[in-house]
Amino acid sequence: MTLVHEPINPPHQISNPLSWTTRDWKQELQNNIRSVDDLKAFIDLSAEEQRDIEQVIEAHPMNIPRYYLNLINRNDPNDPIRKLAVPTGDELVVAGQMGATTGDPYGDDKHDKGNGVLHKYGYTALVVATEYCSMYCRHCFRKRLVGLPNDQTVQNFRAAAEYIAAHPEISNVVVSGGDPMMLPTSIIRSMLDRLRSIPHLNFVRIGTRAPVVYPLRFQDDELIEYLADFNREKTLYVPTHFNHPNEITAEATEAVARLRGTGIAVNNQAVLLRGINDDEETLVQLMSGLTRIGVNPYYLYQCMPVSRVRHHFQVPLKQGVDMVDRARSRLDGYAKRFKFILGHDIGKIEICGRSGDHLILKQIHARAEEQDQASRIMIRRLNEQAGWLDDMEEIAL
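Worth saying up front: this structure is predicted, and the values here are computed from it rather than measured.

Sorry if this is basic, but what is going on with the overall build of the protein chain here?
Scanning the protein chain from N- to C-terminus turns up 13 helices and 13 strands. Residues classed as buried in the protein chain amount to 58% of the 397 residues present. Taking all contacts inside the protein chain whose residues are at least 6 apart in sequence as the whole, residues at least 24 apart take part in 75%. For the protein chain, the exposed area adds up to about 16,000 Å²; of that, 46% sits on carbon and sulfur atoms.

Encoded structure:
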């Protein structure tokens, strides 16, 4: 089936963004936008923007499905969907304004057990199943891996499963990436089948942004039928990643509905991002919209201090914590259940609130070797620019 690029319309004029894609999810990936010349067929770019994008994608590739690109309002230079998908010159800025900026603020490398297995928390193993995503998000905290060949992805899932089976303290597995839903259904089946019979696994998670950026994937009946079958034997959760209410389209809603129809619970892990969702009204619409379509707001992450990300996407914590509190005051009980989180090297830390210049934090997960630190309260002194734990002075309790 031969397709011709169609002009982009503002989101409110789109009746069915999937109507001009192929119905074969693998075939449609071949139409993804990966070069400046591809992109120019869809949106206007200045000569400077073209030069910047070409320079950025030498280090961090661009990959945008036509479905998602068609959600951009081309008349708005500050359109949030555009900022999430299209590289800009801001990505040429390696360091942030405060503190150390790194490629691995979450500490993945320290817990790499080989063959794609990361074992940071005693009870959870994460398997990096692929470096490929249907879209390379510009705020990705794994920019050093995604879209680039690397040795941190799984080469032999049998060996990964053997590691998990040999560690009875592991109660759950996260299959992540990249986006594991972009693997062929036969590969997903073979991977998950190796986890079915491990008795100490209570549940499995598959982390994916595909319902948001590539909902066509979930038109695959074979995938849906297999996920339903697996979920009947071992509980399956799908954490997904909506960042803005404009992403909650009819097509994304249908993808979520197909997942939920299998009995899978779908949870959302958003990131607080400057210029995209860093205002009270957008957060309210996002969390309310998610509960409306049956997605549970789970985490709102503080943007990590990743090279080529922190400079333009991270929101100062003082601003962020107040914004989140104001948004929560307007949300119903289910929509306000999400935790505002720092995903730090030492573990996951909930940002509970502030009193004056004192930021109140609670550690909710700790590295396996520091499990006694879980649930501790921490207080740090806020300043106007601090965006990360390491930017703030510790206050003794």
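Where do I start with the pairing of strand β3 (residues 124-128) in this structure?
Across a regular strand the side chains alternate sides, sitting on one face of the sheet and then on the other. Counting buried residues along β3, five of its five residues qualify, which places the element largely inside the surrounding structure. The alternating pattern of β3 places Thr 124, Leu 126 and Val 128 on one face and Ala 125 and Val 127 on the opposite face, and all of these are buried. Taken together, the three bridges between strand β2 (residues 117-121) and β3 define a ladder with antiparallel strand orientation. From the neighbouring strand, Val 117 faces β3, where its bridge partner is Val 127. Following β2, the chain reverses through two residues before pairing antiparallel with β3. Here five bridges tie β3 to strand β4 (residues 172-176), and the two strands are oriented parallel to one another. In the strand pairing of β4, Leu 126 is matched with Val 174.

Teacher, can you tell me more about helix α10 (residues 250-260) here?
Every α-helical turn comprises 3.6 residues, leaving residues that sit three or four positions apart pointing alike. Inspection of α10 places Glu 251, Ala 252, Ala 255, Val 256 and Leu 259 among the buried residues, and these make up the whole buried set. End-on, the buried residues of α10 take up no more than an arc of 140 degrees, which puts them together on one face. Those residues of α10 that are buried lie in contact with α4 (66-69), α8 (210-213), α9 (221-233), β6 (235-240) and β7 (265-272).

I would appreciate a short explanation of unusual backbone geometry in the present structure.
Negative phi characterises most residues that are not glycine, and trans characterises most peptide bonds. In this structure, the amide linkage connecting Gly 177 to the following residue, Gly 178, adopts the cis form with an omega of 25 degrees. With respect to the element layout, Gly 178 can be found in the loop between β4 and α7 (185-196). Positive phi is not limited to glycine here, since Arg 308 has a value of about 70 degrees. One can find Arg 308 in the loop between β8 (296-302) and α12 (310-313). A positive phi is found at Ser 375, a non-glycine position, where the angle reads about 75 degrees. Tracing the backbone through its elements, the reader meets Ser 375 in the loop between β11 (358-363) and β12 (377-381).

Quick question: what am I supposed to make of the side chain of Asp 52 here?
Looking at where Asp 52 falls in the secondary structure, it is placed in helix α3 (residues 47-59). For Asp 52, which is buried and forms no salt bridge, the nearest opposite charge comes from Arg 51, at a distance of 5.9 Å. The residues contacting Asp 52, other than those within four sequence positions of it, are Gly 89 and Leu 92.

Sorry, what's going on with the packing of α7 against α9 here?
A pair of packed helices is characterised by two quantities: the angle between their axes and the separation of those axes. Packing of α7 against α9 leaves a shortest axis separation of 10 Å and a crossing angle of 5 degrees. Taken together, α7 and α9 sit at an angle that is classed as roughly parallel. Along its contact with α7, which presents Thr 185, Ile 188, Arg 189, Leu 192, Asp 193 and Arg 196, the element α9 presents Glu 222, Leu 223, Tyr 226, Leu 227, Asp 229, Phe 230 and Glu 233. Tallied by class, residues from the contact of α7 with α9 come to six nonpolar, one polar and six charged.

Teacher, can you tell me more about the packing of aromatic side chains here?
Two aromatic rings, taken as a pair, are described by how far apart their centres are and by the angle between their planes. Under the definition given, this model contains six aromatic pairs. Summarising the aromatic geometry, the rings of Tyr 299 and Tyr 301 are spaced 5.4 Å apart at their centres and angled 80 degrees between planes, so their arrangement reads as edge-to-face. Three or more aromatic residues link up through ring pairs in this structure, and these residues are Tyr 298, Tyr 299 and Tyr 301. Looking at Arg 217, its charged tip hangs above the ring of Trp 25, at a distance of 3.8 Å from the centre. Positioned above the aromatic ring of Phe 338 is the side chain of Arg 328, whose terminal nitrogen or guanidinium carbon lies 4.4 Å from the ring centre.

I tried to follow the confidence of the model for the protein chain on my own but got confused; where do I start?
Chain-level pLDDT for the protein chain is 89 on average; 88% of the residues reach the 70-or-more range. Counted against residues more than four places away or in other chains, residues 1-15, with its pLDDT under 50, gives 34 contacts. Across residues 96-101, where pLDDT falls below 50, the model places 17 contacts with residues more than four positions away in sequence or in other chains.

Mind showing me how you'd approach the environment of Val 56 here?
Looking at where Val 56 falls in the secondary structure, it is placed in helix α3. For Val 56, a relative accessible area of 3% corresponds to the buried category. Separated by 32 residues in sequence, Val 56 and Thr 88 have C-alpha atoms that sit 7.5 Å apart. Among residues more than four places away in sequence, those in contact with Val 56 are Pro 87, Thr 88, Glu 91, Leu 92 and Arg 138.

What is the right way to read the pattern of salt bridges from this model?
Any two side chains of opposite charge can pair if their charged atoms end up close together. Applying the stated criterion to the full structure yields 24 salt bridges. A salt bridge links Asp 221 to Arg 258; the shortest N-O distance between them is 2.7 Å. Of this pair, Asp 221 sits in helix α9 while Arg 258 sits in helix α10; the two residues are 37 residues apart in sequence, bridging distant segments of the chain. Here Arg 330 ties to Glu 281 by a salt bridge, and the two come within 2.7 Å at their closest N and O atoms. Taken as a pair, Arg 330 in the loop between α13 (317-329) and β9 (339-344) and Glu 281 in helix α11 (residues 280-292) lie far apart in primary sequence, 49 residues in all.

The rules behind the values
- Residues numbered from 1 in each chain as written.
- Predicted model: local features only at pLDDT ≥ 70, side-chain atom pairs only at ≥ 80, totals over all residues.
- Heavy atoms only, no water.
- Helix = DSSP H or I, 4+ residues; strand = E, 2+ residues; numbered from the N terminus.
- Buried < 20%, exposed > 50% of the residue type's maximum accessible area, 1.4 Å probe, protein only.
- Contact = heavy atoms within 4.5 Å.
- Areas by Shrake-Rupley, 256 points an atom, 1.4 Å probe, with all protein chains shown as cover.
- Pairing = 2+ DSSP bridges.
- Arc of directions from axis to C-beta.
- Lys, Arg positive; Asp, Glu negative; His and termini not counted.
- Salt bridge = Lys/Arg side-chain N within 4 Å of Asp/Glu carboxyl O.
- Axes fitted to C-alpha atoms, helices over the stretch in contact; angles between N-to-C directions.
- Parallel < 35°, antiparallel > 145°, perpendicular 65-115°, else oblique.
- Nonpolar A, V, L, I, M, F, W, Y, C, P; charged D, E, K, R; others polar.
- Phe/Tyr/Trp six-rings, centres within 6.5 Å; stacked < 30°, edge-to-face > 60°.
- Lys NZ or Arg CZ within 6 Å of the ring centre and 35° of its normal.
- pLDDT = per-residue confidence, 0-100.

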